[in-house]
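Okay, here's what each chain looks like letter by letter:
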Amino acid sequence: MTNIDVTDFDEALAADRDGSFHAAVESHLAQAVAEQHALIQRGLAPAEFADAAKVEAALAKAIDVIRFSRSLQVSK
């Protein structure tokens, strides 16, 4: 398993030639989305629901960013 807890995250992304770091980050984010979704499904107060939905959306957007970053690496 690839450790994604690195000091220079940007540098690790840039140096990821085989895609393993990107894949590990994407997997970590997907797990966080699943956990957030499960939290929402359990039921929350309206204000907490709104905040949790924003967090879930931000995590999903982060996955998009990681996928885009990987596509840039592949095209080099």
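Keep in mind that this is a model prediction, so the values were computed, not measured.

With that settled, consider the pattern of salt bridges. All chains considered together, the criterion is met by two salt bridges. Across the pair Arg67 and Glu26 runs a salt bridge, and its minimum N-O distance is 2.8 Å. Of this pair, Arg67 sits in helix 3 (residues 46-74) while Glu26 sits in helix 2 (residues 20-42), placing them 41 residues apart in sequence. Overall, Glu26 belongs to the partly exposed group, its relative accessible area being 23%. Measuring nitrogen to oxygen at the nearest pair gives 4.0 Å for the salt bridge that ties Asp64 to Lys61. Taken together, the residues span about one helical turn, with Asp64 and Lys61 both in helix 3 at a distance of three residues.

The rules behind the values
Residues numbered from 1 in each chain as written. Predicted model: local features only at pLDDT ≥ 70, side-chain atom pairs only at ≥ 80, totals over all residues. Heavy atoms only, no water. Salt bridge = Lys/Arg side-chain N within 4 Å of Asp/Glu carboxyl O. Helix = DSSP H or I, 4+ residues; strand = E, 2+ residues; numbered from the N terminus. Buried < 20%, exposed > 50% of the residue type's maximum accessible area, 1.4 Å probe, protein only.

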